[in-house]
Each structure stands twice: as structure tokens, then as C-alpha cells.
Amino acid sequence: MIKQNYTILAIESSCDETSCAIVVDGRTVLSNIVSSQIDIHTLFGGVVPEVASRNHIMAIDNVVKEALKLANKTINDIDAIAVTYGAGLVGSLLVGISYAKALSFASGKPLIAVNHINGHIASNYITFKNLQPPFICLLVSGGHTAIIKVEQYNQHTVIGNTLDDAAGESFDKVARVLGLGYPGGPQVSKCAEQGKDCITFVKNKDNLGYNFSFSGKKTAVINYINSLKQKNLPIPTNDICASFQSCVVKELVEKTIKATLNSNLNKIVVAGGVSANKLLREELKNQCAKNNIECYFPELQYCTDNAAMIGSAAYFDVLLGKPFANNTLAPQANLEL
Ligand code: KG4
Ligand code: ZN
């Protein structure tokens, strides 16, 4: 058994957001401070790992203090300290892990090592207080795209994966060739609203089962832009964005619905940065309604990286009896789903 009002201080620093949250019983967020480095990395067109680590070091102490202050708590009110230990950039992870280890040692509070992907899934437990497994999760982030059968909190089986780029990564790359800046997903989505889905880049392959492929679509977009440039023709940015986004969303929606029906489940839970995408939200909700499937998306503030989701996943680790971590905890850049 675990005590009521179990309060976790969670730290997330796997990529370019330094974040700390105070979360009670896995579902209630007292504070969630996110310090984003987007403005810094925009200058380079993407995340520069060494620059990210240095900025985490500068931000982390203030972010943690701010999270405690906003929650009106001191370290004495905290039951455990959680931290993302993978997957992610090794230097960035190291900053969060070192801070969490030091805080755990100094305060005597136990340390919980959290898989970043379990965090993304758990962002939905914050938004939907009664949501419970089992369900099918469509995980769509900058680093991963997968269909996951979630049997129990933090326990799952991957049934489909990307064979090449992740969905978010393909949005970022298309945005880059169009000169739309970083991160690309929100920019492509914004331009798509002004454009028409009128260009067929490539047909979705129908022999991949539940697996995804996005790099062919991205290459087709790049070739299309290059051929227009060679002929000195204008680049229809908005139509390119609308057409690209539409074919990515189509593939995501079709396969997730199929996997859910074939698994005899009636819930789809979406997680990861691309879950903020408006068209994905609309299309998946429409298809779910047609197939009598419940559909869940996290609140927008919990779609991209944040520590609240890490605090939620950590609670369910404790609830299921996963052993606490200790001061040998090390980052795992390629931690498996
Ligand atoms: O989950 P996340 O914050 O970081 C990883 O764990 O990877 O996801 C970031 C990704 C980026 O590739 C970003 O372009 C994408 O999510 N993204 C979006 C949108 N908002 C963020 N992609 C499409 N549409 C959006 N509205
Ligand atoms: Zn993430």
C-alpha cells in the first residue's frame, strides 16, 4: 500500500526543456515549471546537445525552487524525487539525474527512475482522472512513433514502430527545408491551415502492418521543392504543409484504429509532442466516433516535454512496487520503449 497524498517532486531534462513539477497521487499537479530552450536552438535550426546540457545546468536549480514555491511546499513535504533517466540526450539527462541524486541524498527522500515514454503516456492520467489501462496508445513524439498496447500502468507491448523517421522528426525536417524554423510541427500545422491538401507526394505503403514509414514522404517533399526551384517557380508552402500533414495523419489514424479493433480494445490514448496536432486530433476523434472507440488526448500543456508527466508515471511505478533507484543511476540515451 502507498500512503494518500503521496507527493512527488519530478525532474525532466531529456532534451531541450528543463522542467520540475510537484504531483500528488499521480493525477494532481500542484506546479509544473517548464523552462524551454527553443529560442536558443532556433538559431541553429535544431537542438545542439552540448548547448542544451549547458543551459540545463544554468536553469535547473531555479526551476526546482520555483516549482516548490508555486506548490507552496518545502522539500520536507515531498515523499519521493523522480527523474527521467532515458531515452534522450545523454548530457541533458545527466544534468537532471545528477541534480535528483544530490537532492535525494541530501534530503533522504527515495529516488525514482522514470522512462520518458511512460511519462508521455501518463500525461493522459493527469488530464483524465479516471483513465485506466488497458488501451492502445499512439505515441507520436520527436524521437518515437509507435503503436503500443498498454496492459497495465507503465507496462506495455509495442505492436508497431516507425521503420525510419519519427512523425515529429519528419515535421521538423519538412519545416527546415521550407525555412519555417524549429520546432517544425507547430509551424507546419499553422501553414497547413491556410493551404489545401492538393499535392500527392507518395502513396502510403500498404504492406507495413502496424509499422510506419515517414522518410519517403519527407524525401518526396524535398524533391518537389527542388524541382520547383530548378524551374524558378514559386513554392506553395501552405499547400505543401497541408498535403504533407494530411498524408502523415492519414497513416497514423488508419493504423491506430486497425490495431485497436484487432486487439478487441475500445480506447485510444495519444501521447507525445505531435498529439498537439489539430488535424490529428480531429481525424482520430472522427474515426473513433465511427468505430465506437473512446479517444483521449492530453491537455496541450502536457503534450510536449514536461515534468508533471514524469511525476505521474513515477507514482504508478511506486504503486506497482518497482524498486527505488540509488546513486548508481546513469542516463540511458537509447532506453527501449
Ligand atoms: O514529445 P516531444 O516534446 O519531444 C520528444 O520527446 O521527442 O515532441 C516534440 C515533437 C517535435 O518534433 C515537434 O515538431 C512536434 O513534437 N510537435 C508537433 C506539434 N507540436 C509539437 N508536430 C505536429 N503538430 C504540432 N502541433
Ligand atoms: Zn518527449
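The rules behind these values
- Residues numbered from 1 in each chain as written.
- Chains lettered and ligands numbered in written order.
- Predicted model: local features only at pLDDT ≥ 70, side-chain atom pairs only at ≥ 80, totals over all residues.
- Heavy atoms only, no water.
- Helix = DSSP H or I, 4+ residues; strand = E, 2+ residues; numbered from the N terminus.
- Rg over C-alpha atoms; globule rule 2.2 N^0.38 Å.
- Buried < 20%, exposed > 50% of the residue type's maximum accessible area, 1.4 Å probe, protein only.
- Contact = heavy atoms within 4.5 Å.
- Areas by Shrake-Rupley, 256 points an atom, 1.4 Å probe, with all protein chains shown as cover.
- Lys, Arg positive; Asp, Glu negative; His and termini not counted.
- Charge placed at Lys NZ, Arg CZ, Asp CG, Glu CD.
- Pairing = 2+ DSSP bridges.
- Axes fitted to C-alpha atoms, helices over the stretch in contact; angles between N-to-C directions.
- Donors = N, O, S within 2.8 Å, 3.2 Å for Na, K, Ca; no water.
- Tetrahedral: all angles 85-135°; square planar, octahedral: opposite > 155°, others 65-115°.
- Arc of directions from axis to C-beta.
- Domains from an automatic or database assignment.
- Buried area = accessible area lost by both parts, 1.4 Å probe.
- Salt bridge = Lys/Arg side-chain N within 4 Å of Asp/Glu carboxyl O.
- Polar contact = N/O pair within 3.5 Å; in protein donor to acceptor, adjacent residues only side chain to side chain.
- Nonpolar A, V, L, I, M, F, W, Y, C, P; charged D, E, K, R; others polar.

Draft legend 1. Just the overall build of the chain, in detail. Scanning the chain from terminus to terminus reveals 10 helices and 10 strands. A globule of 337 residues ought to have a C-alpha radius of gyration of about 20 Å, and the chain, at 20 Å, matches this closely. Taken along the three principal axes of its C-alpha coordinates, the chain extends 65 × 45 × 30 Å. Split into buried and exposed, the 337 residues of the chain put 53% on the buried side. For the chain, long-range pairs separated by at least 24 residues make up 72% of all intrachain contacts whose partners lie at least 6 apart in sequence. As displayed, the chain offers around 14900 Å² of accessible surface, 51% of which is attributable to carbon and sulfur atoms. A distance of 2 Å separates the average location of the 29 positive side-chain charges in the chain from that of its 28 negative side-chain charges.

Draft legend 2. Focus on the sheet that holds strand 2 (residues 17-24). With mixed pairing, the 5 strands of this open sheet are ordered in space as 3-2-1-4-5. Edge positions in the sheet fall to strand 3 (28-36) and strand 5 (111-115), since each of these pairs with one other strand and no more. Averaged over all adjacent pairs, the angle separating strand axes in this sheet is 20°, with direction ignored. As defined by bridge partners, strand 1 (residues 7-12) adjoins strand 4 (residues 80-86) across 4 bridges and the pair is classed as parallel.

Draft legend 3. Structural detail: the pairing of strand 8 (residues 155-161). Sheet topology places strand 7 (residues 145-152) next to strand 8; 6 bridges connect them, and they run antiparallel. Bridging from a neighbouring strand, lysine 149 pairs with threonine 157 of strand 8. Counted between consecutive antiparallel strands, the loop separating strand 7 from strand 8 contains 2 residues, among which asparagine 154 sits at a positive phi close to 60°.

Draft legend 4. Molecular detail of the coordination of the zinc ion (ligand 2). Here the zinc ion (ligand 2) is held by His116 (NE2), His120 (NE2) and Asp305 (OD), and the distances to it run 2.0 to 2.1 Å. In this structure, the zinc ion (ligand 2) is coordinated by 4 donor atoms arranged in tetrahedral fashion, with angles at the metal of 95 to 126°. Here the donor residues of the zinc ion (ligand 2) are spaced in sequence according to H-x3-H-x184-D. Of this pair, histidine 116 and histidine 120 both sit in helix 4 (residues 116-127), separated by 4 residues, roughly a single helical turn. Histidine 120 matches histidine 116 in its accessibility class, with the two residues each being buried.

Draft legend 5. Spatial organisation of the side chain of threonine 7. On the secondary structure map, threonine 7 appears in strand 1. Overall, the relative accessible area of 5% leaves threonine 7 in the buried class. Residues contacting threonine 7, with those up to four places away along its chain left out, are Ile22, Val23, Val24, Asp77, Ile78, Asp79 and Ala80.

Draft legend 6. Molecular detail of helix 6 (residues 184-193). By the burial criterion, the buried members of helix 6 are Gly184, Gly185, Val188, Ser189, Cys191 and Ala192. Each buried residue of helix 6 lies within a common arc of 165° when the element is viewed along its axis, so the set occupies one face. Opposite the packed face of helix 6, turned more than 90 degrees from it, sit the exposed residues Pro186, Lys190 and Glu193. In this structure, the buried side of helix 6 is in contact with helix 5 (167-177) and helix 8 (237-262).

Draft legend 7. Structural context of the domain arrangement of the chain. When cut into domains, the chain gives domain 1 (7-126 + 302-319) and domain 2 (133-298). In this structure, domain 1 and domain 2 have C-alpha centres spaced 27 Å apart. Tallying the contact residues gives 23 residues for domain 1 and 24 residues for domain 2. For the pairing of domain 1 and domain 2, the buried interface totals around 1800 Å² over both sides, and the portion due to carbon and sulfur atoms is 66%. Our count for the domain 1 to domain 2 interface comes out at 0 salt bridges. Inspection of the region where domain 1 meets domain 2 yields 8 residue pairs in polar contact (both at pLDDT 80 or more). Contributing elements (two or more residues each) for the side of domain 1 that touches domain 2: helix 1 (38-42), helix 4 and helix 10 (307-319). Ranked by the residues each element gives to the side of domain 1 that touches domain 2, the list is headed by helix 4, at 7 residues. Looking at the side of domain 1 that touches domain 2 residue by residue, the classes come out as 11 nonpolar, 9 polar and 3 charged.

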